[in-house]
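What the coordinates show
Chain residues, written in single-letter form:
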Amino acid sequence: MSTIAHKLQAVDETIQAAIKASGRAPGTVQLLAVSKTFPAGAVLEAVAAGQRAFGENYLQEGIDKIAAVGAALPGEAIEWHFIGPIQSNKTRPIAASFAWVHTVERLKIAQRLSEQRPDDLPPLNICLQVNISGEASKSGATPEELPELARQVAALSRLKLRGLMAIPEPETDVSKQRAAFARVRMLFDQLRADGFDLDTLSMGMSADLEAAIAEGATIVRVGSAIFGARNYDNKDKA
Ligand SMILES: *Cc1c(COP(=O)(O)O)cnc(C)c1O
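All values derive from a computational prediction rather than experimental measurement. (Residues numbered from 1 in each chain as written. Predicted model: local features only at pLDDT ≥ 70, side-chain atom pairs only at ≥ 80, totals over all residues. Heavy atoms only, no water.)

Turning our eyes to something else, we now look at the site of the ligand. In the neighbourhood of the ligand, 13 residues make up the surrounding shell, with Lys36, Asn57, Ser206, Ser224 and Arg230 lying closest. Separating an oxygen atom of the ligand from a side-chain N or O atom of Lys36 is a distance of 2.6 Å. Here a nitrogen atom of the ligand sits 2.9 Å away from a polar atom, N or O, in the side chain of Arg221. In isolation the ligand offers 390 Å² of accessible surface; the protein chains occlude 89% of this area. (Near = heavy atom within 4 Å. Polar contact = N/O pair within 3.5 Å; in protein donor to acceptor, adjacent residues only side chain to side chain. Areas by Shrake-Rupley, 256 points an atom, 1.4 Å probe, with all protein chains shown as cover.)

Quick look at the structure:
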């Protein structure tokens, strides 16, 4: 077995144990393998080990990797998620190449993604990124902006609003990790109570995925625990 296969297996065991520990049903958490800065060959190894959903942060790198993986494995159903910051002049290739976008934080980006989603593809799955750390420098809509943004995005015909995404401040203390994820969960529950048909909470990375699962994550985005330490020299910033 390759190192990536071993690490995927270990991450899967961690996820299953966390699901069990929190009394949740099996199969309620999806693993998104974050392959940013790693070559297409690393994705192919993960696919050989059974992984099918991959997350990319940098547009040009992601587009190139999608093409390379598609050429190596024609017809293989691989699901690509865009999880990086989005510039408004770079929405078209995102709308054409990805199945999900986790990082929508303003209406203008959502409108462009909807207008540019090709007609032969199903609606683009969207998570709204929420900033719960309260710093103006951080990405994401504020909790106050969220209900109106959700209402506007849900109305866009070529998007399917699925839920929320958050990247809380890194914390080593598990109770602090959980407190941050619980705030995201409360916002999610509030939107559902308001009538939005949402099923996705994208939260938790290599260092805090257990806390995220304990607080209701349905997608955990895991990079380094699967692929190893990142070397940013490889990446081609979008
Ligand atoms: C890089 C990244 C991840 C994965 O982080 P790891 O700590 O390597 O697991 C998850 N989500 C986002 C948005 C990222 O940019």
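This next bit is on unusual backbone geometry. Most peptide bonds take the trans form, and the phi angle of most residues other than glycine is negative. One non-glycine residue, Thr37, lies in positive phi territory at about 75°. Among the secondary structure elements, Thr37 is positioned in the loop between β1 (30-34) and α2 (40-48). A relative accessible area of 3% means that Thr37 is categorised as buried. (Helix = DSSP H or I, 4+ residues; strand = E, 2+ residues; numbered from the N terminus. Buried < 20%, exposed > 50% of the residue type's maximum accessible area, 1.4 Å probe, protein only.)

All buried positions along helix α5 (residues 107-116) are accounted for by Ile109, Ala110, Leu113, Ser114 and Gln116. On the buried face of α5, the contacting elements are α4 (91-97), β4 (100-104), β5 (124-129), α6 (146-154) and β6 (159-165). (Contact = heavy atoms within 4.5 Å.)

Aromatic ring pairs are reported here in terms of the distance separating the ring centres and the angle at which the planes meet. According to the stated counting rule, one finds three aromatic pairs in the structure shown. Seen from their ring centres, Phe82 and Phe98 are 5.3 Å apart, and the 80° between their planes marks the pair as edge-to-face. In this pair, Phe82 sits in strand β3 (residues 79-82) while Phe98 sits in the loop between α4 and β4, placing the two residues 16 residues apart along the sequence. For the pair Phe82 and Phe98, a shared accessibility class is recorded, and that class is buried. (Phe/Tyr/Trp six-rings, centres within 6.5 Å; stacked < 30°, edge-to-face > 60°.)

A word on the side chain of Asn125. You can see Asn125 is positioned in strand β5. Setting aside residues up to four positions removed in sequence, Asn125 forms contacts with Ala99, Trp100, Val101, Lys160 and Arg162.

Let us now look at the nonpolar core. Ranked by internal contacts, the top residues of the largest apolar core, which has 64 residues, are Leu113, Ile126 and Leu128. Ignoring any residue separated from it by four or fewer positions in sequence, one finds Leu128 in contact with His102, Val104, Leu146, Leu149, Ala150, Val153, Leu161, Gly163, Leu164 and Met165. The next biggest cluster of nonpolar side chains, apart from the first, holds eight residues, and it includes Leu32, Val34, Ile83 and Cys127. (Core = buried A, V, L, I, M, F, W, Y, C linked by side-chain atoms within 4.5 Å.)

Let us look at α2. Listed in full, the buried residues belonging to α2 are Ala40, Ala42, Val43, Ala46 and Val47. The buried side chains of α2 occupy one side of the element, clustering within an arc of 155° when seen end-on. Against α1 (3-21), β2 (53-56), α3 (59-72), β3 and α9 (224-227) lie the buried residues of α2. Positive backbone phi, at 105°, marks Gly50, one or two positions downstream of α2. (Arc of directions from axis to C-beta.)

Moving on: the pairing of β3. Where β2 and β3 come together, four bridges link them in parallel fashion. Residue Ala53 lies in a different strand from β3, and its bridge partner there is Glu79. Here β3 runs beside β4; their pairing, made up of two bridges, is parallel. When the sheet's bridge partners are listed, Phe82 is paired in β4 with Val101. (Pairing = 2+ DSSP bridges.)

The next subject is the pattern of salt bridges. If you walk through the whole model with that rule in mind, you get nine salt bridges. Arg178 serves as the salt-bridge partner of Glu215, at 2.8 Å between the closest nitrogen and oxygen. Taken as a pair, Glu215 in the loop between α8 (209-214) and β8 (219-222) and Arg178 in helix α7 (residues 174-193) lie far apart in primary sequence, 37 residues in all. Owing to a relative accessible area of 34%, Arg178 belongs among the partly exposed residues under this scheme. (Salt bridge = Lys/Arg side-chain N within 4 Å of Asp/Glu carboxyl O.)

Here the focus is the packing of α2 against α3. Contact pair α2 / α3: the axes reach a minimum separation of 9 Å and the direction vectors enclose 50°. The angle between the axes of α2 and α3 places the two elements in the oblique class. At the point where α2 passes α3, the crossing takes the right-handed sense. Here Ala40, Val43 and Leu44 of α2 lie close against α3, whose contacting residues are Lys65, Ala68, Val69 and Ala72. Here the contact of α2 with α3 is composed, by residue class, of six nonpolar, no polar and one charged. (Axes fitted to C-alpha atoms, helices over the stretch in contact; angles between N-to-C directions. Parallel < 35°, antiparallel > 145°, perpendicular 65-115°, else oblique. Left-handed = near helix turned anticlockwise from the far one by under 90°. Nonpolar A, V, L, I, M, F, W, Y, C, P; charged D, E, K, R; others polar.)

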